[in-house]
Amino acid sequence: MVSMDATETIGKGAKFGGPAVSIMSSIYSVAAAETPYDRCVTGFAGSFGVVGEVAGAAGGGFVAGSVVAPIPGAQVVMVPAGAVGGSMLVGGWMESLGAKVGERFCQ
């Protein structure tokens, strides 16, 4: 069993760790782009992706928690799985949307 203090610490780390990794990944991608146009498009894609990942994680965790609420003990597994799945799904979609917006805006 994990103590309540440890659970709160894990929650704080996950709350800020995921977006921090996404932001740093976006910064690296912008810095590694070869042309100014690529930097601009990558900046849009990364910004949209970070927002999508955060929103997808919140939504996925909420939906998974709501679906398995009547099943005792299932939330322990399903809420993190829903958060990760939502983050990946919505983050990827938003990143591709950001790339399309960047392609139009950065011309």
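Enquirer: I'd like to hear about the overall build of the protein, residue by residue, with values.
Expert: Scanning the protein for helices and strands turns up three helices and zero strands. Starting at the N terminus and ending at the C terminus, the protein contains elements arranged as α-α-α. Across the 107 residues that make up the protein, the buried fraction comes to 22%. Carbon and sulfur atoms make up 72% of the accessible area of the protein, which amounts to about 7300 Å² in all.

Enquirer: Give me the environment of phenylalanine 105: which residues, what numbers.
Expert: With respect to the element layout, phenylalanine 105 can be found in helix H3 (residues 75-105). The class of phenylalanine 105 is exposed, set by a relative accessible area of 61%.

Enquirer: Residue-level account of the state of the cysteines, with values.
Expert: On inspection of all chains with the given rule, the structure shows one disulfide. Shown here is the disulfide that connects cysteine 40 with cysteine 106, its sulfur atoms set 1.8 Å apart. On the S-S bond that ties cysteine 40 to cysteine 106, the torsion sits near -70 degrees, and the link is left-handed. Placement of cysteine 40 in helix H2 (residues 36-67) and of cysteine 106 in the segment after H3 is noted, with a sequence separation of 66 residues between them. A relative accessible area of 28% places cysteine 40 in the partly exposed class.

Enquirer: Describe in detail the side chain of serine 87, supporting the description with residues and values.
Expert: Along the chain, the position of serine 87 falls in helix H3. What makes serine 87 buried here is its relative accessible area of 18%. If sequence neighbours within four positions are ignored, serine 87 has contacts with Glu53, Gly56, Ala57 and Gly92.

Enquirer: So what's going on with the environment of glycine 46? Which residues, and what values?
Expert: Along the chain, glycine 46 turns up in helix H2. Note on glycine 46: relative accessible area 10%, which makes it buried. For the pair glycine 46 and serine 22, spaced 24 residues apart in sequence, the C-alpha to C-alpha distance is 7.8 Å.

Enquirer: Explain the confidence of the model for the protein to me, and be specific about the residues and the numbers.
Expert: Of all residues in the protein, 88% have pLDDT values of 70 or greater, and the mean over the chain is 87. Across the protein, H2 holds the top mean pLDDT of 92, while helix H1 (residues 4-32) sits lowest at 78.

Enquirer: Help me get a handle on the side chain of serine 22, residues and values and all.
Expert: You can see serine 22 is positioned in helix H1. For serine 22, the residues in contact, after removing those within four places along its chain, are Val50 and Glu53.

Thresholds, definitions, all that
Residues numbered from 1 in each chain as written. Predicted model: local features only at pLDDT ≥ 70, side-chain atom pairs only at ≥ 80, totals over all residues. Heavy atoms only, no water. Helix = DSSP H or I, 4+ residues; strand = E, 2+ residues; numbered from the N terminus. Buried < 20%, exposed > 50% of the residue type's maximum accessible area, 1.4 Å probe, protein only. Areas by Shrake-Rupley, 256 points an atom, 1.4 Å probe, with all protein chains shown as cover. Disulfide = S-S within 2.5 Å. Contact = heavy atoms within 4.5 Å. pLDDT = per-residue confidence, 0-100.

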